[in-house]
Amino acid sequence: MKKVAKRLLLQMHIYHPLQSFYRGSINFSKKKYYQFTYSKYKGKGFICNYCKASYEKFVPEYPSQPIEESLNINEVIAGYGANVYCPNCMSKNRERLLLAVIQNRVQFKKKSILHFSPEKHLYDFLNTQAIVSPVDILPGFYQSIDRSTAYADATNLLFKDESFEIVIANHIMEHIPEDIQAMKEIHRVLKPGGLAILQVPYSEKLKKTIEDPFINNPIEQEKLYGQKDHVRIYALNDYLSRLKTAGFKIEVLANPELEVYKIYAIQENEKVFICHKEK
Ligand SMILES: [Zn+2]
């Protein structure tokens, strides 16, 4: 019955917009709940670089048991932990890290930006100061963030060569089976001298990326990769070498440079990958 209803809603092209609306409502309720319950922690400590609120602690997010096992064994930097969501605006740690890096390291004002799977806070910030094109393979899912979110398959982009100055894809490569093809496409649509910020969950412990094209089952994917819609866990060195294969020159930002952003309750030790297209 559930499957039939889903198929029907998909045929009517309203399944993902409904999911988007549902997600937006849940986030709104969560925000109200945490604004109330965390009011006692207000004041010193972490600061949210989106809403400027400060709290002694932020809202944690820990993975469920099968996910935790796979992430812990492989020491994956995946964004879980003690201080993930801002209790005031619900921005996520990975959005705060990117905002800090973009504000301090990237000339983004008035630039043309292709933003994959736009995350609300980062998208709203960029959209006021640059020309942002929001896209996703399931654009309906992003209707509550921006109704203009367009369809885009990262492995076969419908944009002309050299269309954008900046591309942002915050945690999408781990979802894409043909990831090197997606990296090549992103390189193609960037203008010479442009850059892409392509964050993924990764492991510095792994020597080889964990992936198996024959595994196509959410339960197994969750157990093996730490999320039911992921198709791999990247070994850091392999991830960087795939980006190089696609033509990028990589700049890896790490501590101590990123340590100064700890005040924004970012994921500790997460590196940032700035991928340059040469002039
Ligand atoms: Zn906030």
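These figures come from a predicted structure and were not determined experimentally.

**As for the overall build of the protein chain**
Argument step 1. Across its full length, the protein chain holds eight helices and 14 strands.
Argument step 2. Against the 2.2 N^0.38 benchmark of 19 Å for 279 residues, the protein chain shows a C-alpha radius of gyration of 19 Å, consistent with a compact globule.
Argument step 3. Expressed as lengths along the three principal axes of its C-alpha atoms, the size of the protein chain is roughly 55 × 50 × 40 Å.
Argument step 4. By residue count, 37% of the 279 residues in the protein chain fall in the buried class.
Argument step 5. Counting only contacts in the protein chain whose residues sit at least 6 apart along the sequence, the fraction spanning at least 24 positions is 67%.

**Quick notes on helix H4 (residues 93–105)**
Argument step 1. Spanning 13 residues, H4 covers 18 Å between terminal C-alpha atoms, matching the ideal 18 Å at 1.5 Å per step.
Argument step 2. Within the sequence span of H4, burial applies to Asn93, Arg94, Glu95, Arg96, Leu97, Leu98, Leu99 and Ile102.
Argument step 3. Contacts from the buried residues of H4 go to strand S5 (81–85), helix H5 (120–127), strand S9 (164–170), strand S10 (190–199) and strand S14 (272–276).

**Quick look at the sheet that holds strand S6 (residues 112–116)**
Argument step 1. A sheet is described by the order of its strands in space; here seven strands give the open sequence S8-S7-S6-S9-S10-S14-S13, paired in mixed fashion. Unpaired on one side and paired on the other, strand S8 (150–151) and strand S13 (249–253) mark the two borders of the sheet.
Argument step 2. Taken strand by strand, H5 contacts S6 and strand S7 (131–136), and its axis lies near 150 degrees from that of S7.

**Comments concerning the pairing of S13**
Argument step 1. Of all five residues that make up S13, zero are buried, and the element is exposed over most of its length.
Argument step 2. Here S13 runs beside S14; their pairing, made up of five bridges, is antiparallel. Across the sheet, the residue bridging to lysine 249 is histidine 276, located in S14.

**Some thoughts on the nonpolar core**
Argument step 1. Within the largest apolar cluster, 63 residues are counted, with the highest numbers of intra-cluster contacts made by Val167, Ala169, Ile186, Ala196 and Leu198.
Argument step 2. If you tally residues by element for this core, the top one is S9, at five residues.
Argument step 3. Once residues within four sequence positions are removed from consideration, isoleucine 186 is found in contact with Val167, Ala169 and Ala196.

**Observations concerning the packing of helix H3 (residues 65–73) against helix H7 (residues 218–225)**
Describing two packed helices takes the angle between their axes plus the distance from one axis to the other.
Argument step 1. Axis separation between H3 and H7 bottoms out at 6 Å; the angle between their running directions is 40 degrees. Here H3 lies oblique to H7, going by the angle between them. In contact with Pro66, Ile67 and Ser70 of H3, H7 contributes Glu222, Lys223, Leu224 and Tyr225.

**A look at the sheet that holds strand S4 (residues 76–77)**
Argument step 1. Spatial strand order, S4-S11-S12: three strands in an open sheet with mixed pairing. Taken across any chain shown, the strands that pair with only one partner, and hence form the sheet edges, are S4 and strand S12 (234–235).

**Considerations on the packing of H4 against H5**
Argument step 1. Orientation of H4 relative to H5, taken along the N-to-C sense of each, is 25 degrees, at an axis distance of 8 Å. Regarding the angle of H4 to H5, the classification is roughly parallel. From H4, Glu95, Leu98 and Leu99 reach across to H5, where they touch His121, Leu122 and Phe125.
Argument step 2. Taken together, the residues of the contact of H4 with H5 break down into four nonpolar, one polar and one charged.

**Digging into the environment of threonine 245**
Argument step 1. Relative to the elements of secondary structure, threonine 245 occurs in helix H8 (residues 236–245).
Argument step 2. Exposure remark for threonine 245: the 11 C-beta atoms within 10 Å place this residue in the exposed category.
Argument step 3. For the pair threonine 245 and leucine 224, spaced 21 residues apart in the sequence, the C-alpha separation amounts to 26 Å.

About the cut-offs
- Residues numbered from 1 in each chain as written.
- Predicted model: local features only at pLDDT ≥ 70, side-chain atom pairs only at ≥ 80, totals over all residues.
- Helix = DSSP H or I, 4+ residues; strand = E, 2+ residues; numbered from the N terminus.
- Rg over C-alpha atoms; globule rule 2.2 N^0.38 Å.
- Buried ≥ 20, exposed ≤ 12 C-beta atoms within 10 Å, placed from the backbone.
- Contact = placed C-beta atoms within 7 Å.
- Expected span 1.5 Å × (residues − 1).
- Pairing = 2+ DSSP bridges.
- Axes fitted to C-alpha atoms, helices over the stretch in contact; angles between N-to-C directions.
- Core = buried A, V, L, I, M, F, W, Y, C linked by C-beta atoms within 7 Å.
- Parallel < 35°, antiparallel > 145°, perpendicular 65-115°, else oblique.
- Nonpolar A, V, L, I, M, F, W, Y, C, P; charged D, E, K, R; others polar.

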